[in-house]
Amino acid sequence: MILFGKPRFNDWTHEISKIPNICINEMTSKDNIIEIIKSKNINLVIPCTLEQMKFIIDNQINQYIRVICSNNYNSIAILNHKGLFIEFMKNNSFDSFIPQCHKASNTISNYPVIFKFALACGGGGSKVCHNQKELEMRIRDARHTPYVIQEYISGDQEYGGHMFIESGIVKHAIYYMATNTNKYYIQYGRMAKYERIDR
């Protein structure tokens, strides 16, 4: 029996609930999780959100059951913070795999760029800026909130994926593609219309 954290920004809950030997939980109460583990004979716990991963670490759930989750706060923080992730990619010579990043508006020669809050999810607060004036307005409105500025990658197709990685090897993966008709587009929340790409 597997215990899944309730996902956000997607329609997984409905699909996961159809699978035998699966139960879904918000993962907000340690006592509740321990009770479910015992009463339903759970042998694996899979958190699906950052908050659930932090909950698992803070409450040391891995002492009671096998958990698919890093027990390293630093790893989770890097993946959750766009600025830290960019630095991680650069420090490990992976910067060619991410869009070009900018430190300040006066260093940009090519627009549009995309402004993103470093700790937002689901596209929250992200804006496409077409000139220096628009960008500086976003920076001013952000005040002291961390943000990143990157080149805007144009295209009418967006891809998403979910992967289970063990010891650096992708064991299982599901990929999705969404098509949009807007020239300058940002995905807010989950993909409303998408098709699964099988590999």
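Anyway, here's the lowdown on the structure attached to this text. (Residues numbered from 1 in each chain as written. Predicted model: local features only at pLDDT ≥ 70, side-chain atom pairs only at ≥ 80, totals over all residues. Heavy atoms only, no water.)

Let us now look at the overall build of the protein. Helices and strands together make up the secondary structure of the protein, namely six helices and ten strands. In the protein, which comprises 199 residues, the proportion classed as buried is 30%. Of the contacts made within the protein by residues no fewer than 6 positions apart, 48% connect residues no fewer than 24 positions apart. Summed over its atoms, the accessible surface of the protein is roughly 13100 Å², and 50% of this surface lies on carbon and sulfur atoms. Charged side chains of the protein number 23 positive and 18 negative; the gap between the two group centres comes to 2 Å. (Helix = DSSP H or I, 4+ residues; strand = E, 2+ residues; numbered from the N terminus. Buried < 20%, exposed > 50% of the residue type's maximum accessible area, 1.4 Å probe, protein only. Contact = heavy atoms within 4.5 Å. Areas by Shrake-Rupley, 256 points an atom, 1.4 Å probe, with all protein chains shown as cover. Lys, Arg positive; Asp, Glu negative; His and termini not counted. Charge placed at Lys NZ, Arg CZ, Asp CG, Glu CD.)

Time to look at the sheet that holds strand 2 (residues 22-25). Reading across the sheet, the three strands line up as 2-1-3 and stay open at both edges, with parallel pairing between neighbours. Since the sheet does not close on itself, it has two edges, and those belong to strand 2 and strand 3 (44-46), each with one partner. This sheet shows a mean twist of 25° between the axes of neighbouring strands, independent of strand direction. Pairing analysis gives four bridges linking strand 1 (residues 2-5) to strand 2, with the strands arranged parallel. Opposite Ile2, over in strand 2, you have Ile22 as the bridge partner. Along the sheet, helix 2 (residues 30-39) makes contact with strand 1 and strand 2, crossing strand 2 at roughly 170°. (Pairing = 2+ DSSP bridges. Axes fitted to C-alpha atoms, helices over the stretch in contact; angles between N-to-C directions.)

Quick look at the environment of Ser126 now. Summarising the element assignment, Ser126 is placed in the loop between strand 5 (113-117) and strand 6 (127-129). A residue is classified by how much of its surface remains accessible, and Ser126, at 7% relative accessible area, is buried. Ser126 sits 60 residues away from Arg66 along the chain, and the two C-alpha atoms are 36 Å apart. With sequence-adjacent residues up to four places away left out, Ser126 is seen in contact with Phe115, Lys116, Ile186 and Tyr188.

Of all the residues in helix 3 (residues 50-58), the buried ones are Gln52, Phe55, Ile56 and Ile57. Looking at the buried positions of helix 3, the neighbouring elements they touch are strand 1, strand 2, helix 2, strand 3 and helix 4 (73-80). Of the residues flanking the end of helix 3, it is Gln60, one or two places downstream, whose phi is positive at about 50°.

To continue, consider the environment of Gly124. Topologically, Gly124 is positioned in the loop between strand 5 and strand 6. By relative accessible area, which is 28% here, Gly124 ends up partly exposed. Taking C-alpha positions, Gly124 is 9.3 Å from Gln187, a pair spaced 63 residues apart along the chain. Not counting the four nearest positions on each side in its chain, Gly124 is found in contact with Phe117 and Tyr188.

Here we take up the environment of Met53. Mapped onto the secondary structure, Met53 falls in helix 3. Residues Met53 and Ile34, 19 residues apart in the sequence, show an inter-C-alpha distance of 16 Å. Look past the residues within four positions of Met53 in its chain and what remains in contact with it is Pro47, Cys69 and Ile76.

This part covers helix 6 (residues 132-142). Looking at helix 6, one finds that the buried residues are Leu135, Ile139 and Ala142. What you see down the axis of helix 6 is that its buried residues fit within an arc of 60°, all on one side. Exposed side chains of helix 6 directed beyond 90 degrees from the buried face belong to Lys133 and Arg140. On its buried side, helix 6 packs onto strand 5, strand 6 and strand 7 (147-151). Capping the start of helix 6, Asn131 holds a side-chain oxygen 3.2 Å from the backbone nitrogen of Lys133, two or three residues further along. Immediately downstream of helix 6, the backbone of Arg143 shows phi near 55°, a positive value. (Arc of directions from axis to C-beta. Polar contact = N/O pair within 3.5 Å; in protein donor to acceptor, adjacent residues only side chain to side chain.)

Glancing now at the pattern of salt bridges. For the structure shown, the criterion picks out two salt bridges. For Lys6, the salt bridge is made with Glu26, and the minimal N-O distance between the two is 3.7 Å. With a gap of 20 residues between them, Lys6 in the loop between strand 1 and helix 1 (12-16) and Glu26 in the loop between strand 2 and helix 2 connect regions that are remote in the sequence. Residue Lys6 is classed as partly exposed on the basis of its relative accessible area of 35%. A salt bridge links Lys103 to Glu87; the shortest N-O distance between them is 3.8 Å. Of this pair, Lys103 sits in the loop between strand 4 (101-102) and strand 5 while Glu87 is found in helix 5 (residues 82-91), placing the two residues 16 residues apart along the sequence. Exposure remark for Lys103: the relative accessible area of 68% places this residue in the exposed category. (Salt bridge = Lys/Arg side-chain N within 4 Å of Asp/Glu carboxyl O.)

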